[in-house]
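# Structural overview
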Amino acid sequence: MNFKKNINNGRKSAVIVPFFLGFLFSAASRFTQTDGQFKPYDIAFLLTGFLYGLLFLVLFLAFEKGIAVLARKGVSMTSSHGDGEALPQFIAPSWSGMKRYVCITALCWMLTYLLLFPGIIVGDTAVQIEQYMSGNTIADWHPFLDTKIFGRFFAIGGLSHPMLGVGIFVALQMIVAVGVVSYAAYYVQNLVKVRHAGDAVLVLLAVYPVAPLSFMTMNKDTTFTICFMLFCVLYCEVWRSRGALLKRPSFLVVLVVVALSAIFTKKTGSYLISAALILLIFMIGKKTLRCVAAFIGVVLLLFAQTFVPSVVFPRINVEPGPKQEMLAIPEQQLARIVRDSPGEFTEQERKIIDDVISVGFNGIDKNYDDYLVDPIKGTDVPNEDSIGAFLKLWIKKGLEHPWQYIATEIGLQSGWISFSGNAAKGAYVYSSPTDSSSANSLSDKVKWPEASTASSVWASWYTDLSNIPILNLPMYVCVWATIIPFGIVFFIWRKAEHVIDALVPQMPLLLSMGMLLLCPTSGHARYMLPMMLTAPIFIAILSRIKIRK
């Protein structure tokens, strides 16, 4: 590859992207090595960041070449000119076209299903089931729709046979997931029109064990992923048709139903889905249709954030969740200042912190974790009346210690921007149903089955695979959480004739990355699962954008 020629063949300013990502990776690496005490003028940080930047620049240029080849081959096999114009028809599911993918996926997943049968339940799900089984009001701390669904399935077997309902749910989930993954492969194949493109998708989604492991789990992130994959296909189709599909009542109904499913299976789903729809207003197309898409996004946001909590929740025995989640990052940043400089806080400021952070001012030093907010934030805000004063104190200390706040965020997000350090490699392997569920009082009432020999064998194989160089690359969460999204932005910035329009179909992926980087922890594969499983769709859609001459 002629490095200089490739750099000059596009917008040169795009080199900012790989170097920015490079310095993020360097920051995460230095944070881990120095226990969060490194400084921005640290020579090792600057040198490592530059080397990472060069590495990502080479990788992104190779990615650019690959997309160019994909686009050329795809154009030769379709009536579209590969310029982002609407294709003749919506790529709808087709059994005749999908059956091959369905059979391959089902066969590949069968081994995982048999070894991990009847399924896996994790800590968050156990908390949701406990709420449901108590008969009390359900708090919308975790998505209420998931809580209702999980609770109803768990009730099939009850406390005496806890895994019966879990097993039934997982079996149904696996069947649905096989269909959705097969549709994703079929969609990519028909979108790019390159031989074996769909098979390449199946290598990632069917052969690699991350997806089947996830779909063997009763977990809110997994149910959201299924809905999100369908939404992303519909979203890309709206962009490809320049909004024309919104004129079809049947398509509009399906889009709204899928969007609502995604919204109510993830706490941040309403912001992610609604923002993506609103941003369709920036695509090239008729103003009326662009406004319709944005209007749908606004209506869904208002419906999810105002109508449902005020009107629907009281009628279905659900109450809004506590506010500690939205304060997670401010709590962590302020807690770091408390840990490092406790003497600079007045008695009044200490009282404000006691009112908002669950462990209190004196408990921060003992409980603070650079990589996780949960040990200090608890499950509720002791005194919500003090939130305003807390935010003012947070701003005040941030102005006094800006670098400490930045370093805190680097620690929390290190799993997404690192090949090493905190939970940066591999998916979280659950080898038995007891791995996470013992952390709640439900475990005092339920005898969870012990891990089977088969599940232990599967877990060992999974761990071994995650340690094999090159083969384990797809198992690094940073690949999907940041590297691929940054690579897509680099390609569009350099090559797209209409940069904003080309970025629009990538919004679900880019917004997902943004929300990951605001997450109060990092590194767990289940959080980036939606990005991993939809990445082939967004990479394929790059072949349909209009390239600058």
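The structure under discussion appears in the preceding block.
## Details of the environment of Arg-350
Here Arg-350 is to be found in helix α15 (residues 347-356). Here the alpha-carbon distance between Arg-350 and Phe-361, two residues eleven residues apart in the chain, equals 6.0 Å.

## Description of the packing of aromatic side chains
Summed over the entire model, instances satisfying the criterion amount to 29 aromatic pairs. Pairing Phe-23 with Phe-45 gives two aromatic rings, centres 5.8 Å apart and planes at 65 degrees, and the pair type is edge-to-face. Remark: Phe-45 occurs in helix α3 (residues 43-75) and Phe-23 occurs in helix α2 (residues 16-33); sequence separation between them is 22 residues. Phe-23 gets classed as partly exposed once you look at its relative accessible area, which sits at 28%. Measuring from ring centre to ring centre gives 5.9 Å for Phe-31 and Tyr-371, while their planes differ by 75 degrees; the resulting arrangement is edge-to-face. Separated by 340 residues along the polypeptide, Phe-31 in helix α2 and Tyr-371 in the loop between α16 (364-367) and α17 (374-377) bring together distant segments of the chain. Ring-pair connections join several aromatic residues into one group, and the members of that group are Phe-25, Tyr-52, Phe-56, Phe-60, Phe-419, Tyr-476 and Phe-490.

## Looking at the side chain of Thr-265
If you trace the backbone, Thr-265 turns up in the loop between α11 (249-263) and α12 (269-278). A distance of 2.7 Å separates a polar side-chain atom of Thr-265 from the backbone oxygen of Ser-261. A distance of 3.3 Å separates a polar side-chain atom of Thr-265 from the backbone oxygen of Ala-262.

## Side note on the pattern of salt bridges
Taken as a whole and assessed by the stated rule, the structure comprises 20 salt bridges. With a closest N to O distance of 2.9 Å, Lys-351 and Asp-355 form a salt bridge. In this pair, Lys-351 and Asp-355 both sit in helix α15, four residues apart, roughly one turn of the helix. A relative accessible area of 47% places Lys-351 in the partly exposed class. Taken together, the shared-partner salt bridges in this structure form one network comprising Asp-124, Lys-220, Asp-221 and Arg-526.

## Some details on the side chain of Thr-482
Note that Thr-482 resides in helix α22 (residues 477-495). Given a relative accessible area of 1%, Thr-482 falls into the buried group. Here the side chain of Thr-482 touches Cys-478 through a polar contact of 3.1 Å, landing on its backbone oxygen. With sequence-adjacent residues up to four places away left out, Thr-482 is seen in contact with Leu-21, Phe-25, Trp-416, Ile-417, Met-513 and Leu-517.

## A look at helix α7 (residues 162-192)
Between its terminal C-alpha atoms α7 stretches 45 Å, which fits the 45 Å expected from 31 residues at 1.5 Å a residue. Burial analysis of α7 places 23 of its 31 residues in the buried class, which makes it a mostly covered element.

## A few points about the packing of helix α8 (residues 197-207) against helix α25 (residues 525-541)
Across the interface, α8 lies against α25 with an axial gap of 10 Å and an inter-helix angle of 175 degrees. When the interaxial angle is binned, α8 and α25 end up roughly antiparallel. Residues Val-201, Leu-204 and Leu-205 of α8 lie in contact with α25, whose contacting residues are Met-532, Leu-533 and Pro-536. Here the residues of the contact of α8 with α25 are counted per class, giving six nonpolar, no polar and no charged.

## Notes on the layout of surface pockets
Its volume calculated, the second largest pocket comes out at about 670 Å³. Residue contributions to the lining of the second largest pocket peak at five residues, all from α22. Of the residues belonging to the lining of the second largest pocket, the class tally is 21 nonpolar, one polar and no charged.

## A word on unusual backbone geometry
Cis geometry marks the peptide bond from Phe-117 to Pro-118, where omega comes out at 10 degrees. Tracing the backbone shows Pro-118 in the loop between α4 (95-116) and β1 (120-121). Backbone geometry places Arg-242, a non-glycine residue, at a positive phi of 55 degrees. One can find Arg-242 in the loop between α10 (220-240) and α11. Here Arg-242 falls in the buried class, since its relative accessible area comes to 12%.

## Some points on a nonpolar patch on the surface
A cluster of nonpolar side chains, contributed by Ile-156, Leu-164, Ile-168, Leu-172 and Ile-175, occupies part of the molecular surface with about 450 Å² of accessible area. It is α7 that contributes the most residues to the nonpolar patch, four residues altogether. In this fold, Leu-164 is placed in helix α7. Residue classification places Leu-164 among the partly exposed positions, given a relative accessible area of 44%.

## Considerations on helix α14 (residues 328-340)
The end-to-end C-alpha separation of α14 is 18 Å, in line with the 18 Å expected for 13 residues at 1.5 Å each. When you tally the buried positions in α14, you get eleven out of 13 residues, the bulk of the element. Three or more residues of α14 are buried, namely Ala-328, Ile-329, Pro-330, Glu-331, Gln-332, Gln-333, Leu-334, Ala-335, Arg-336, Ile-337 and Val-338. Among the structural elements, α2, α15, α16, α17, α18 (387-400) and α19 (402-412) are those in contact with the buried residues of α14.

So, how was this worked out
- Residues numbered from 1 in each chain as written.
- Predicted model: local features only at pLDDT ≥ 70, side-chain atom pairs only at ≥ 80, totals over all residues.
- Heavy atoms only, no water.
- Helix = DSSP H or I, 4+ residues; strand = E, 2+ residues; numbered from the N terminus.
- Phe/Tyr/Trp six-rings, centres within 6.5 Å; stacked < 30°, edge-to-face > 60°.
- Buried < 20%, exposed > 50% of the residue type's maximum accessible area, 1.4 Å probe, protein only.
- Polar contact = N/O pair within 3.5 Å; in protein donor to acceptor, adjacent residues only side chain to side chain.
- Salt bridge = Lys/Arg side-chain N within 4 Å of Asp/Glu carboxyl O.
- Contact = heavy atoms within 4.5 Å.
- Expected span 1.5 Å × (residues − 1).
- Axes fitted to C-alpha atoms, helices over the stretch in contact; angles between N-to-C directions.
- Parallel < 35°, antiparallel > 145°, perpendicular 65-115°, else oblique.
- Nonpolar A, V, L, I, M, F, W, Y, C, P; charged D, E, K, R; others polar.
- 1 Å grid on protein atoms, 1.4 Å probe; cavity = no way out; pocket = protein on both sides within 12 Å on 5 of 7 lines; lining within 4 Å.
- Points joined across faces, edges and corners; volume = space filled by probe spheres on them.
- Patch = residues over 30% accessible without salt bridge, like charges linked within 9 Å, V, L, I, M, F, W, Y side chains within 5 Å.
- Areas by Shrake-Rupley, 256 points an atom, 1.4 Å probe, with all protein chains shown as cover.

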